[in-house]
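Chain residues, written in single-letter form:
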Amino acid sequence: MASLNSYLFVSGLLFIIGLSGVVMRRNIIVVFMCLELMLSAANLTLVAFSRFNGTGGLPDYSAQMLVFFVITVAAAEVAVGLAIIVALYRARQTIHTDELTALKD
Amino acid sequence: MLPWLLLLLPLCSAAVNQLYLKRNAFLASMLSVASVVVTLIVSFLLLGKTDGGPSYSWISIGDFQLPIQLKLDALSTGMMIVVTGIGALVHIFSLAYMAEDGAKARFFTCLSLFMFSMTGIVLAGNFIMTFIFWELVGLSSYLLIGHWYEKDSAADAANKAFMVNRVGDFGFLIGILLTFGLTGTFVFDDMKVGLNNFAALHPDLVGGLLAAAILCVFCGAVGKSAQMPLHVWLPDAMEGPTPVSALIHAATMVAAGVYMLFRVQLSLGAEAFEGVAGNAIAWVGGFTSLCAALMATQQNDIKRVLAYSTLSQLGYMVMAVGLGGAEAGMFHLFTHAWFKALLFLGSGAVIYACHHEQDIWKMGGLIKKMPITTLTFAIGTAALIAVPFVTSGFYSKEEILATAYAKNKILFGIAVFVAFLTTFYMTRAFVVAFLGKPRDHGSDHAHEVGPLMLAPLCLLALMAIGSSWLTKPLSAVDPRLIHHAEEHAEGHLLILGLSAAALVLGLLAGFLLYRGKDKDPIDLPLLQNRFYIDVVYEKGVVKLLQDGLAALIHFLDVWVINGLLVGGSARLSQSFGNLFRRAQAGNLQGYAFLLGIGVVLVIYFTTFWN
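All values derive from a computational prediction rather than experimental measurement.

Turning next to the overall build of chain A. Tallying secondary structure elements over chain A gives three helices and zero strands in all. Listed N to C, the secondary structure of chain A is α-α-α in terms of helices and strands. Scaling as 2.2 N^0.38, a compact globule of 105 residues should have a C-alpha radius of gyration of about 13 Å, whereas chain A reaches 18 Å, well beyond that. Along the longest, intermediate and shortest principal axes, the C-alpha atoms of chain A span 60 × 25 × 20 Å. Split into buried and exposed, the 105 residues of chain A put 12% on the buried side.

Here you go:
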């Protein structure tokens, strides 16, 4: 069976991929997807700890509870975020962050 | 409460005039005259009293108490008679003299303000009050010299008087603080005790500090009483209306310096004036009286002649104070105030009659046109040149000469020479202005002034003869006054002889040189130009010092204040703003990156940083 470290390693990898995507990509949808990736990385960490920090052969369910909350909130967030992106596209005809500089100008 | 009435009545009059009667010149002048007449009556009632009425606590910090209190003794009540008496006569004279002036209400408001401030100096019970009222007389003097401020010369003279006095007052303030350091109190009555305590604690320090304190206090008197080298403002102050010159710049305010010195001498004890401080004061006084008398011999403006004569007589008084004979100085102050006010008001009447002509060489023959004015002016002149036995000036000048004879023979010689010069220049002015034949249109058409002007002149003429017999209250201040006369009885005849000789010589020289002349037979540019002292001030102090200082301050203002402080702080915040503007690039990824860095740093520090 894979150890806790390999889970954490994968989770960290996911997080780094997500973060670099958020920082480097210009397309808001991709940025958004990378954000979801970072959330998944966090979820993976939580589940891994829940599995390995169990007591009496049972996993720690409170971590899994938190994961469900995160997924729920993330789903809601995705709904709102996508709606905003659609509205943004309608207003500006673009979803590239470079061109969204109304506040700066 | 009577002493407080003395102080507050002129203040109320000034306030009411300023607030309600600006447009009603007649009522304003009447109110001022009424207030000064009432104060004159009150000062007569207060003669001989020593109860200053209630005092009010003004500042109280820990042990330090500063009350507002009035001090009544023979000195201050005697001085009040001079101030209110001459004040009343000058007010009445001004009713006629300023009758057609456009700003009569303002004039009388300022006169009332002056009466208030002068009363304050005389009655002040502590040094701080003296200083406050000292500045207030400076202010009212400024306002009154600049009464005709449309004239540039009057405005300049007012400024000059104010600024020259600042120089003296700076020293005065230091002197007051030094005195406080020595005695631990500002109240005149407690100074002697405080000084003795200090002397017991620091016997080696007290002499030098005391001399320094007295000399600094004397600086104030140098400014206010126009002693060398700060005398330059007084002749220029003659730009003001003549009644003002009579009241402020001859009789009362300029004498305040001498009064204050005497007050200090009474408070600290006459011993304090022995040594360096007293000598310096005496020499400044003697030097001033000599130089001023020399300058007076070559002036052509009748008021300037009188102004320099005032300087010279003030020099006498200061010299007497410095020689430890402050009683003699005060006695001369008392008599001089009356006859100098008389001379100034007389000159005012003459100037008024000659259509504001002040040059004595354009007058002449006035004895026929204005007999009463001439008579009163002659009496004033007689008092000033100290005609023996019949005039008040004789007794007081004798007293000063006796003091000088006893203490310092060189100063005595100077004083006798000044007496000769005084006789000479007064004879000159009198002969040129009143005798002979009219030299100009104005003096040709002059005629006697009205009764409102003549009445004060006649009363003052009476005082010029009789005031020496009214000084009983003054001699009560210090019984040493009588001792002085007895002590030096052996020199008495010599002094009398010398002063009589100075008088006769001066009269002869004046008559012989100036009788029937149409222009000045003597021509001494050095004296006409007042030893070039004004030029030195103009070129040296004003040009170099003031303009240099102005350039320096301008540099500081433009570069340090404006460039560095104001502009610098603006530029600093601007450049900070520019710097931080870079961070606000509007780049979403940039923000996210910074956020990520921030989170990493927070985690790093919370985890690995103890």
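There is more to say, and it comes next.
Now for the overall build of chain B. Looking only at helices and strands, chain B features 26 helices and two strands. Counting only C-alpha atoms, chain B reaches 110 × 65 × 50 Å along its principal axes. Classification of the 610 residues of chain B by burial places 51% in the buried group. Long-range contacts, defined here as pairs at least 24 residues apart, represent 82% of the contacts in chain B between residues at least 6 apart.

Here we take up the domain arrangement of chain B. Partitioning chain B into structural domains gives domain 1 (2-528) and domain 2 (538-608). For domain 1 of chain B versus domain 2 of chain B, the distance between C-alpha centres works out to 59 Å.

Looking now at the environment of B:Ala25. Residue and element names in this part refer to chain B. Position of Ala25 among the secondary structure elements: in helix 2 (residues 25-46). In this structure the C-alpha to C-alpha distance between Ala25 and Asp101, which are 76 residues apart in sequence, comes to 9.7 Å. Apart from the residues within four sequence positions on either side, Ala25 is in contact with Lys104 and Ala105.

With that out of the way, let us pick up the UniProt feature "domain: NADH:quinone oxidoreductase/Mrp antiporter transmembrane" (unreviewed entry) in chain B. In the numbering adopted here, UniProt assigns the feature "domain: NADH:quinone oxidoreductase/Mrp antiporter transmembrane" (unreviewed entry) to residues 124-422 of chain B. Split by type, residues 124-422 of chain B is 78% helix and 0% strand. Its first and last C-alpha atoms lie 34 Å apart.

Residues and elements named next belong to chain A. With their axes 9 Å apart at the nearest point, helix 2 (residues 28-52) and helix 3 (residues 61-92) run at an angle of 175° to one another. By the angle between their axes, helix 2 is roughly antiparallel relative to helix 3. Residues Ile28, Ile29, Phe32, Glu36, Leu39, Ala42, Asn43, Leu46, Val47, Phe49 and Ser50 of helix 2 form the contact with helix 3, whose own contacting residues are Ala63, Gln64, Leu66, Val67, Val70, Ile71, Ala74, Val78, Gly81 and Ile85. Partitioning the contact of helix 2 with helix 3 into residue classes produces 16 nonpolar, four polar and one charged.

The next point concerns the UniProt feature "transmembrane region" (unreviewed entry) in chain A. Residue and element names in this part refer to chain A. The positions UniProt marks with the feature "transmembrane region" (unreviewed entry) are residues 6-23, 30-49 and 61-89. The span residues 30-49 carries 100% helix and 0% strand; its end-to-end C-alpha distance comes to 29 Å. The straight-line gap between the two end C-alpha atoms of residues 61-89 is 41 Å; of that span, 100% is helix and 0% is strand.

Omega for the peptide link from B:Met228 to B:Pro229 comes to 0°, which places this bond in the cis form. Tracing the chain through its elements places B:Pro229 in the loop between helix 8 (206-224) and helix 9 (233-236). One non-glycine residue with positive phi stands out, namely A:Gln93, at about 60°. Mapping A:Gln93 onto the fold places it in the segment after helix 3. One non-glycine residue, B:Ala226, lies in the positive phi region at around 55°. Its location among the elements puts B:Ala226 in the loop between helix 8 and helix 9.

Quick look at the nonpolar core now. Ranked by internal contacts, the top residues of the largest apolar core, which has 197 residues, are B:Val258 and B:Ala341. When residues in this core are grouped by element, the largest group, 19 residues, is from helix 14 (residues 326-353) of chain B. If near-sequence neighbours (up to four positions away) are discounted, B:Val258 is found in contact with B:Ala221, B:Ser225, B:Leu314, B:Met317, B:Val318, B:Val321, B:Gly329 and B:Leu333. Counting six residues, the second-largest nonpolar core is a separate cluster that includes A:Leu19, A:Ile28, A:Val31 and A:Phe32.

With that out of the way, let us pick up the pairing of strand 2 (residues 64-68) of chain B. Residues and elements named next belong to chain B. Here strand 1 (residues 56-61) pairs with strand 2 via five bridges, running antiparallel. When the sheet's bridge partners are listed, Ile61 is paired in strand 2 with Phe64. What sits between the antiparallel neighbours strand 1 and strand 2 is a turn of two residues, in which Gly62 has the positive phi angle 60°.

Moving on, we come to the environment of B:Asp440. Within the secondary structure layout, B:Asp440 lies in the loop between helix 18 (409-434) and helix 19 (441-444). Counting along the chain gives 76 residues from B:Asp440 to B:Gly364, while the straight-line C-alpha distance between them is 8.1 Å.

Turning our attention to the packing of helix 11 (residues 253-268) of chain B against helix 13 (residues 302-322) of chain B. All names here are of chain B. Following both chains from N to C, one finds helix 11 and helix 13 inclined at 5°, their axes separated by 10 Å at the closest point. The angle between the axes of helix 11 and helix 13 places the two elements in the roughly parallel class. Contacts from Val254, Val258, Leu261, Phe262 and Gln265 in helix 11 reach Thr310, Leu314, Met317, Val318 and Val321 in helix 13. Grouping the constituent residues of the contact of helix 11 with helix 13 by class yields eight nonpolar, two polar and no charged.

A rise of 1.5 Å per residue sets the reference length of helix 5 (residues 127-145) of chain B, with its 19 residues, at 27 Å; its end C-alpha atoms lie 26 Å apart and thus fit the reference within 8%. Judged by how many residues are buried, helix 5 of chain B sits mostly within the fold: 14 of 19 residues are covered.

Criteria and thresholds
- Residues numbered from 1 in each chain as written.
- Chains lettered and ligands numbered in written order.
- Predicted model: local features only at pLDDT ≥ 70, side-chain atom pairs only at ≥ 80, totals over all residues.
- Helix = DSSP H or I, 4+ residues; strand = E, 2+ residues; numbered from the N terminus.
- Rg over C-alpha atoms; globule rule 2.2 N^0.38 Å.
- Buried ≥ 20, exposed ≤ 12 C-beta atoms within 10 Å, placed from the backbone.
- Contact = placed C-beta atoms within 7 Å.
- Domains from an automatic or database assignment.
- UniProt positions renumbered as here; feature names shortened; annotations may be inferred.
- Axes fitted to C-alpha atoms, helices over the stretch in contact; angles between N-to-C directions.
- Parallel < 35°, antiparallel > 145°, perpendicular 65-115°, else oblique.
- Nonpolar A, V, L, I, M, F, W, Y, C, P; charged D, E, K, R; others polar.
- Core = buried A, V, L, I, M, F, W, Y, C linked by C-beta atoms within 7 Å.
- Pairing = 2+ DSSP bridges.
- Expected span 1.5 Å × (residues − 1).

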